[in-house]
Every structure is written in C-alpha cells, then in structure tokens.
Amino acid sequence: MAQSLPLHATIAVVGTGAMGAGIAQVAAAAGHTVKLMDNRPQAAQAAVASIRAQFARLAEKGKLTQEAAHAASSRLVAVATQSELADASLVIEAIVENLQAKQDLYRGLEDIVGDDCIFGTNTSSISVTAIGAALKHSGRLAGLHFFNPAPLMALVEVVSGLATDPHVAETLFATAHAWGKTPVHAKSTPGFIVNRVARPYYGEALRLLTEGAANCATIDAVMREAGGFRMGPFELMDMIGHDINFAVTCSVWSAFYNDPRFLPSLVQQELVNAGFLGKKSGRGFYDYQPGATKPEPQTESPYPLPAEIFICGESSAANALAQRLTAANVVFQREVSLDGRIAQAGDAVVFVTDGRSATQRASESGLSNTVVIDLALDYTQATRLAMAASAQCTEAAANDAAALLQACGMQVSRFADVPGLAVMRTVCMLANEAADAVNQGVCSTLAADSAMLLGVNYPRGPLLWADQIGLRAVRDVLANLGASYGEDRYRISPLISQHVFAGSSTYP
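Residues numbered from 1 in each chain as written. Predicted model: local features only at pLDDT ≥ 70, side-chain atom pairs only at ≥ 80, totals over all residues. Heavy atoms only, no water.

How would you summarise the overall build of the protein chain if you had to cite specific residues and measurements?
Within the protein chain, the regular secondary structure consists of 20 helices and 15 strands. The globule rule puts the C-alpha radius of gyration for 508 residues at 23 Å, and the 26 Å found for the protein chain is close to it. Dimensions of the protein chain, computed from C-alpha atoms along their principal axes, come out at roughly 80 × 50 × 40 Å. For the protein chain, long-range pairs separated by at least 24 residues make up 68% of all intrachain contacts whose partners lie at least 6 apart in sequence. Accessible area for the protein chain stands at about 20500 Å²; split by element, carbon and sulfur atoms hold 54% of it. (Helix = DSSP H or I, 4+ residues; strand = E, 2+ residues; numbered from the N terminus. Rg over C-alpha atoms; globule rule 2.2 N^0.38 Å. Contact = heavy atoms within 4.5 Å. Areas by Shrake-Rupley, 256 points an atom, 1.4 Å probe, with all protein chains shown as cover.)

If you want it as structure tokens, here you go:
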C-alpha cells in the first residue's frame, strides 16, 4: 500500500484564490513547506499574508498553539516563477476551470520538476483523463478535488483518469488522509461523485417549482424539516450562485450526451439571464436586498380532529404517528393494513407516497378520499410534513388528514398533487444516481455515501437511506415517476433492480 508524502516533501499550490489558499493552509498545517504561485501580481504574497492571519486567529481561539501557528506560517513561501517549484513533490493546481490552461500549466512544469513529482488537479468538472492527455507522463496526474472551504470540509475526491498510475492515486489518498481529510476514490467521469450525485437535489426541486407543487419557501422548509437537509435546494442554489450551479448542471448534462436525468431548468436559465445569481447579486429565488423579508412557507391552519382515528399497520411512518399521538394524549385505534394505508382520519385514507399522484392512487383503489404524505428522515422527529389530496377527495377529508398530522405535532404544507411529493422523489433520485455511479465503477457504495455526507452535508448517505426506506419501495417510486412522466429521466439503476431481485442490500 502506498505511503503518504513525507513531511519534508515540498507542496506547490498554483492558483491562490479561496480554494488554492485553503489547500495551502491545510498542507502547511500538516507540516509541509508550501510554495504558492499565481500569475496575478502580488496574489501569492497576499494569500500567504491571509493564511498567516488565519493561523494567528486559530491560535487566539485556542485551536492551535502559538508555536504550531508560527511554525505553520513559517512554512508558507510565495514564489513568482515556475522554476522555483523545481523541488516540489506534489503540484496542486487550483486555477481557472479551463482545460487548455490546466494542460499548459502542467506541460510547462514537466520539464522543471523531478520525474517523481505528482500532479494533483483540483478541477471539479474537467476530465482528469483529458488534462493528462497533454503530458509526456500522464500517469503522474490525478484529481485531488477539495471542497470549499478546504480547511473545514473533510472530503477529498481522489480522481483517477484513464492513464493515472494506481500508485499515484494511492499516494494522494494516503496524503489526504494524513492531512486530516476523508478521501474517497473516484473514476474520472462527469461530475466525479458529488457534483454528479447531487444533481437531483436541485433538478427535482426545480421541477416541483415548475409544476406548481409549492413555492420555494415551502419546498425548502419541507426538505429541511422533514428531509433533514441543512439547507433547502433553493436556499442552497442561491448561496452557491446560479451562474455556477447552472454551469455545472449544463456541463454534466452535456458530458453525458444530454441525458434527461441531468436536464437543466429553464427557470434557472432565466435567473442567470436576468443576472439574479443569488446572494452575491442580491437576488435569486429569494430577495437579499436590504429590508427584504424572506417569505414564510405555506402552512395549513389548525383543523379540529375527526371523531375517529385509526393507525394502520406497522410501518415506520405508522408507528411514529402512533407514538406521537400517544405522547399528545390523542385517542386512536390500531388496525392491520391490507392496502398499504398508514392511517384513517375521519373519511381520509392516508398513504405514504409511492411515486403515484394521490389522484391516480384514488382512481386505481376506488378510495376517493385518498391523501398521500411525504417521506421524512425520521417520522418521530419531523416538525413539518408535505401532503397532497386527490382530486376526488373532499375538502373535509383533506382537512381531517391535516388535523391528524397536526395532532402529532407537525406543521403541514399542502402541495399540489404531484407524483412523489418532495422528499421522497428527491431521495429516491439521489439514491438512483449514486447506485448508477457504483454500478458504472465510478466509486464504491461506501465512497458514494461518504462523499455525499461529507461533501454536501446530506443527513444520510443516499444508498444507506434507500436501504432503510426499502429498495423495493425505492424502485416502485422510480417506476411510478417514470410512468407518470413518460420520461427516461426516472429509469431505474440496474444496481437497485439487481438488489431487489436478490433481496439484498446495496452495502457489501
């Protein structure tokens, strides 16, 4: 097994913007001499000063000793020319996302550094194979993709191009681990792991908005308060910047030859065209200008409880409702469930969504007063839940279903009757994309889940989440979404189908 680079090895970082400076800080804190270079005048010197100030702040907060902060600061060196990088054992580039620029940089360095020097590109979207193709010795290049801010984010994707020497990838993996990071191996395919698997988090939300399922604030609230995500998709896109988020989506979509699974949204295109780029421009899906107030999510008014409540079956959702009703001293009865229902409240028959609309489900079952509820990360802890009523459902029955959820201590957001609601369709699509990445040899199951937990702070790895929902249920949701929309976008990963047929988990 490859060893990490020794502490006496010099690390070079080319490109000293926020990402390059963050990587340099990590390497210097780990004990390496770090040479910083930038083609902008005085940029490298400014980055060194900024990193030293950051080490001083960490010492003031007690997160580093004064000695450690001083030592790390002394290991930072600003250089002006490539020839000064001749002694580097690893050159990490964090320059502009342009294939030609990256190729030119590393091609120029090949005649300067030693034959055993490793090249680690921090690209987030360009093919590592394509960058390496311009080199005499393309095996020395691999992706070393940090996440912003590099000193705080644990994940590093170690990306192997077609020509990458396995020893190089293993050395970078071990080095990232020695620097206190959690590295994962990935193959050089569009988006690597995180930028590929995360696309449905944005894509499905944009579809829900386009279809009038609910407004941005409501969808965001449901994804946070039921799904357990730290930020809703519209908040997150506003924070990232729509120019960046849209460009990544377009890049992945184009690289996969216009696969409908990654189809960009016209809604987001319009925001970019208008210059409404999110927080940095003062306006995106939300208004960030002085004095602006963020809209509140749509929440149902309180409704009186119906006379009779039945909790049906032993599913996690049914058991959670029973637990919460008991804690609230609400009287109810338990029944078996022969048709998948989890509750009956007055005339309302309540199901967890299976990817069909409530209207379709009502038509096929003959139960006019059908109401579907969304997935929750934990039904015992969720503070909000989305629901939708069938077109055949009476308003009184829909209100009874809302009253049941309210009695359990949850705020209720009523969506238009779209297939799969918000959390369920998003989680199933995230799991499906992660499963496809594993199935295509991009990464392992554990790497896929670790990447999404650490790279974008998901509340649960999507493949583990799928196992906990039940792979058969996930498959059914995807199949029903595909039937509802008639699109290849919702095609089921062969890996999920295989495990359903085998009756096994996605985990080894």
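Moving on from the coordinates now.
Report on the pairing of strand 5 (residues 118–121), specifying residues and quantitative values.
Side chains I118 and G120 of strand 5 all project onto a buried face; the interleaved residues F119 and T121 project onto the opposite face, where all are buried too. Sheet analysis places strand 4 (residues 88–93) next to strand 5, joined by four bridges and oriented parallel. Bridge pairing links I92 to G120 in strand 5. Across three bridges, the pairing between strand 5 and strand 6 (residues 141–146) is parallel. Among the inter-strand pairings, T121 is bridged to a residue of strand 6, identified as G143. (Buried < 20%, exposed > 50% of the residue type's maximum accessible area, 1.4 Å probe, protein only. Pairing = 2+ DSSP bridges.)

Which residues make up the side chain of K102, and what values do they have?
Relative to the helices and strands, K102 is located in helix 4 (residues 99–110). The class of K102 is buried, set by a relative accessible area of 1%. Setting aside residues up to four positions removed in sequence, K102 forms contacts with E93, I95, V96, E97, T121, T123, I126 and I131.

Residues and numbers for the packing of helix 8 (residues 199–210) against helix 16 (residues 423–439), please.
Their axes nearest at 9 Å, the elements helix 8 and helix 16 cross at an angle of 145°. The chirality of how helix 8 crosses helix 16 is right-handed. Across the interface between the two elements, P200, Y201, E204, R207 and L208 from helix 8 touch R425, T426, M429, L430 and E433 from helix 16. Class assignment for the residues of the contact of helix 8 with helix 16 results in five nonpolar, one polar and four charged. (Axes fitted to C-alpha atoms, helices over the stretch in contact; angles between N-to-C directions. Left-handed = near helix turned anticlockwise from the far one by under 90°. Nonpolar A, V, L, I, M, F, W, Y, C, P; charged D, E, K, R; others polar.)

Explain the sheet that holds strand 8 (residues 182–187) residue by residue, including any values.
Sheet strands pair by backbone hydrogen bonding; their relative direction is either parallel or antiparallel. Spatial ordering of the open sheet is given by 3-2-1-4-5-6-7-8, a layout of eight strands whose pairing is mixed. Each end of this open sheet is capped by a strand with a single partner; those strands are strand 3 (76–78) and strand 8. Between one strand axis and the next, the sheet turns through 25° on average, direction left out of account. Looking at chain direction, strand 1 (residues 10–14) and strand 2 (residues 34–37) are connected through four bridges and run parallel. When the sheet's bridge partners are listed, A12 is paired in strand 2 with K35.

For the packing of aromatic side chains, give the residues involved together with the corresponding values.
The description of an aromatic ring pair uses the distance of the two centres, along with the angle that the planes make with each other. Applying the stated criterion across every chain, the model contains nine aromatic pairs. Between F234 and F285 the ring centres are 4.8 Å apart and the planes differ by 75°, which places this aromatic pair in the edge-to-face class. Residue F234 is located in helix 10 (residues 233–240), and its partner F285 is located in the loop between helix 12 (266–274) and strand 9 (309–312); the two are separated by 51 residues in the primary sequence. Using a relative accessible area of 0% as the deciding quantity, one classes F234 as buried. For the ring pair Y485 and Y490, a centre distance of 5.5 Å and an interplane angle of 25° mean the geometry is stacked. (Phe/Tyr/Trp six-rings, centres within 6.5 Å; stacked < 30°, edge-to-face > 60°.)

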